[in-house]
Amino acid sequence: MIASSFRFARFRLRRYPSPKHTLMALIVAGVLITSPVGVAQPPISRSPANNPPSPTEASHNSPPLQDSFSETDYVRNILASALSFIAPRTLHAHSMRELALWGLDGILTIDPALSVTTTTSPSSPGRPETFVLHARNQILLTRPLPHDDDRMLWIDLILDVIQNSWPHSAPLRAAGSNGIITHFFATLFHNIDPYSRYIPPQNIQQINPNKRDKDASIGLTLARHQEVSYPTISNVNVNGDAWAQGISAGQSLIAVNGHNVRRVPLATLTHWLVGPSGSPITITVRAPSGDEQTFSLNRAYLPQETVFLSAYGPYPILRITQFSDHTADEVSQYISALTDNNDVSDQEGDPPSSSTQKHLPGLILDLRGNHGGVLQQAVVTAALLLNQGVITTTEGRYRAANHIWAIQGGDLTDNAPLAILVDGQTASASEVLASALADHHRAVIIGSSTYGKGLVQIAGELPNQGRILVSWGRNIAPLGWPIQTLGLFPQVCMTRPNLTAQISTLEHGRSLEQDALYQARSQRTPLSAYKASAIRAQCPARNGTESDISAAAQLLTSQAAYQAAVQSVPVDLPYPPAPHF
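**So, the overall build of the protein chain**
Move 1: Within the protein chain one finds 16 helices and 21 strands.
Move 2: Counted over contacts in the protein chain with a minimum sequence separation of 6, partners at least 24 positions apart contribute 72%.
Move 3: Split by element, the accessible area of the protein chain, about 25,900 Å² in all, is 51% carbon and sulfur.

Rendered as structure tokens:
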């Protein structure tokens, strides 16, 4: 099914189940980038003994009691659904006690006057701990703590805290049930990992906006260098009808529906080009040669472009800004256009013959600043540049999280030299793509250590139409090393000041990064943050610069340097790599 969406991509995406690696039902690649933190322990409860009330607080009269909390069933359903989904799927096992106390601590942050303590009777060590809820100098609730893994009793305890605090806490009442839920999840997920999170229902629409909220278009971006000149087409969306009919960047727009556009402002032109989906429009364009041609097009709702084509000398550059549902299709379209020798397109459904293909002198793939996106799209993009192999292995505690992503069959570039640009903001799915192509000796990575976001999230829907994203798998590169925390170490390090020495050494068949690459590729889980930092420090993460592109072109120009850089990724590792098929 995937291959059918790529006209020239003859490959199969394969996922191999095994006792440990099985097909998963749903994976959502996380794009939220935060600073990595370690897995925390349950917070220490705030105790009045450690934080005694001030004399002013102690002398305060109790606030007037308010109505009781009325949304107990609503909150119960949400917490029950969430905790049953979270508990078996987290990367590290956590008891229901840990999850509940983390979430409860988040609720208590709403009102600093609220605190809890747990005590054990010295005379009866076998009895359950006692849970005590305080509001300033008052005790609001005392009850035994549930068994560590009794989910519903822990939820009952949380609801008892809310119910007993409600009349005494104006901040809690102001937050309401939705605020309580948000604080509960915020602290719970903060203690689990940096990427698991809760998305309230009002934010779901912002993440997945309805495409019909915008106008349909033909996919042209216009620019004008002089006020009275004809506008130039600066970009053509590969998902639109204009691209399909052969309109290209660099041509001039002459007329829209028969109206000459020489003196028409760009804002007015943009308004003319958009309209209802399916509506027709006629445009006339002029090629740099002076030839004019009129096209009849249909407007459509187009996905946002994520791939952009430019060039540096003889080398085309494909910049991928993120991985959306259409990214691999865009990459396929651009590569097919770059390798097509014909001025006219092949007939629909016909694969290109070898006589119509031109060999690329090299290709630069720019993943700098790419925070990731849809993991499957990164895998399919790898299938466009690699004939076969394992792209990544996802490992987790939950059985369905474990599986192998492998591809077979279709390098559209015919093994053209490939340089990949990365930086400290290259993360998640983009790290998966770059690490797979480097580990298979298919590409040279140029830049700095990447972000190191190698966790995969699964989405769960809640009864309130909110959503939780839970990290349930780690992405492992083909040579067996973990992406999380470590990131991808490049073959050419742009953080170092010795680029000339690096290239010169590569031209003589050696690499200055050989030892660091061996250290990085030899790592296995579990990997300490200290060890990962020591390796990353040999090529510190930084944002990309213009010099990255010139370095890529310099490397592609020297066949000896390119081959030495490709082969500098070690294969004689102390531990076995990921399985190959």
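**Some details on the packing of aromatic side chains**
Move 1: Across all of its chains, the model carries six aromatic pairs by this definition.
Move 2: Note on phenylalanine 185 and phenylalanine 189: the rings are 5.9 Å apart at their centroids and 15° apart in plane angle, and the pair reads as stacked. Of this pair, phenylalanine 185 and phenylalanine 189 both sit in helix 5 (residues 170-190), four residues apart, which is roughly one turn of the helix. Note on accessibility: phenylalanine 185 and phenylalanine 189 belong to one class, buried.
Move 3: Feature note: the residues Phe184, Phe185, Phe189 and Tyr198 constitute an aromatic cluster, connected by ring pairs.
Move 4: Positioned over the ring face of tyrosine 398 is arginine 89, at 4.4 Å from the centre of the ring.

**Looking at the nonpolar core**
Move 1: Ranked by internal contacts, the top residues of the largest apolar core, which has 129 residues, are Ile86, Phe185, Ile420, Ile446 and Leu555.
Move 2: Ignoring sequence-local partners within four residues, the contact set of isoleucine 446 consists of Ala419, Ile420, Leu421, Val422, Pro490, Val492, Met494, Asp548, Ala551, Ala552 and Leu555.
Move 3: Ile233, Ile254, Val264 and Leu273 belong to the second largest nonpolar core, which has 20 residues in total.

**Overview of the packing of helix 10 (residues 375-385) against helix 11 (residues 429-439)**
Move 1: Taken N-terminus to C-terminus, the directions of helix 10 and helix 11 make an angle of 25°; their axes are 8 Å apart at the nearest point. Viewed along their axes, helix 10 and helix 11 adopt a mutual orientation that is roughly parallel. By crossing handedness, the relation of helix 10 to helix 11 is classed as right-handed. Two secondary-structure elements touch here, helix 10 through Leu375, Ala378, Thr381, Ala382 and Leu385 and helix 11 through Ala429, Val432, Leu433 and Leu437.

**Looking at helix 16 (residues 559-567)**
Move 1: Among the residues of helix 16, those classed as buried are Ala561, Tyr562, Ala564, Ala565 and Val566.
Move 2: On its buried face, helix 16 is in contact with strand 17 (418-422), strand 18 (444-447), helix 12 (499-507) and helix 15 (547-557).

**Here's the deal with the sheet that holds strand 17**
Move 1: Pairing is mixed in the open sheet, where six strands are placed in the order 12-13-14-17-18-21. Strands with a single pairing partner mark the edges of an open sheet, and in this sheet they are strand 12 (307-312) and strand 21 (492-493).

**Quick notes on the sheet that holds strand 4 (residues 138-144)**
Move 1: Ordered by their spatial adjacency, three strands build an open sheet running 2-3-4, and the pairing between neighbours is antiparallel. In the strand order of this sheet, the two ends are held by strand 2 (114-119) and strand 4, each with one partner. Mean inter-strand twist for the sheet, computed between neighbouring axes without regard to direction, equals 20°.
Move 2: Where strand 3 (residues 130-135) and strand 4 come together, six bridges link them in antiparallel fashion. Among the inter-strand pairings, histidine 134 is bridged to a residue of strand 4, identified as isoleucine 139.
Move 3: Together, strand 2, strand 3 and strand 4 form the strand contacts of helix 4 (residues 151-165), whose direction differs from that of strand 4 by roughly 165°.

**Considering the state of the cysteines**
Move 1: With the rule as written, the count across this model stands at one disulfide.
Move 2: There is a disulfide in this structure between cysteine 493 and cysteine 539, and the S-S distance comes to 2.1 Å. Looking down the S-S bond of the cysteine 493 and cysteine 539 bridge, the torsion is 100°, so its handedness is right-handed. Note that cysteine 493 is positioned in strand 21 and cysteine 539 in the loop between helix 14 (529-536) and helix 15, a separation of 46 residues in sequence. No difference in accessibility class separates cysteine 493 from cysteine 539, as the two residues are buried.

**Examining the pattern of salt bridges**
Move 1: Taken as a whole and assessed by the stated rule, the structure comprises 12 salt bridges.
Move 2: Of the charged contacts in the structure, one is a salt bridge between arginine 467 and glutamate 461, with a shortest N-O distance of 3.1 Å.
Move 3: Between aspartate 548 and arginine 542 there is a salt bridge, with its nearest N and O atoms 2.8 Å apart. Side by side, aspartate 548 and arginine 542 carry an identical accessibility label, which is buried.
Move 4: One network of salt bridges, with partners in common, ties together Asp366, Arg368, Arg542 and Asp548.

Analysis parameters
Residues numbered from 1 in each chain as written. Predicted model: local features only at pLDDT ≥ 70, side-chain atom pairs only at ≥ 80, totals over all residues. Heavy atoms only, no water. Helix = DSSP H or I, 4+ residues; strand = E, 2+ residues; numbered from the N terminus. Contact = heavy atoms within 4.5 Å. Areas by Shrake-Rupley, 256 points an atom, 1.4 Å probe, with all protein chains shown as cover. Phe/Tyr/Trp six-rings, centres within 6.5 Å; stacked < 30°, edge-to-face > 60°. Buried < 20%, exposed > 50% of the residue type's maximum accessible area, 1.4 Å probe, protein only. Lys NZ or Arg CZ within 6 Å of the ring centre and 35° of its normal. Core = buried A, V, L, I, M, F, W, Y, C linked by side-chain atoms within 4.5 Å. Axes fitted to C-alpha atoms, helices over the stretch in contact; angles between N-to-C directions. Parallel < 35°, antiparallel > 145°, perpendicular 65-115°, else oblique. Left-handed = near helix turned anticlockwise from the far one by under 90°. Pairing = 2+ DSSP bridges. Disulfide = S-S within 2.5 Å. Salt bridge = Lys/Arg side-chain N within 4 Å of Asp/Glu carboxyl O.

It is worth stressing that arrangement in space is one thing and function is another; only the former is reported here.
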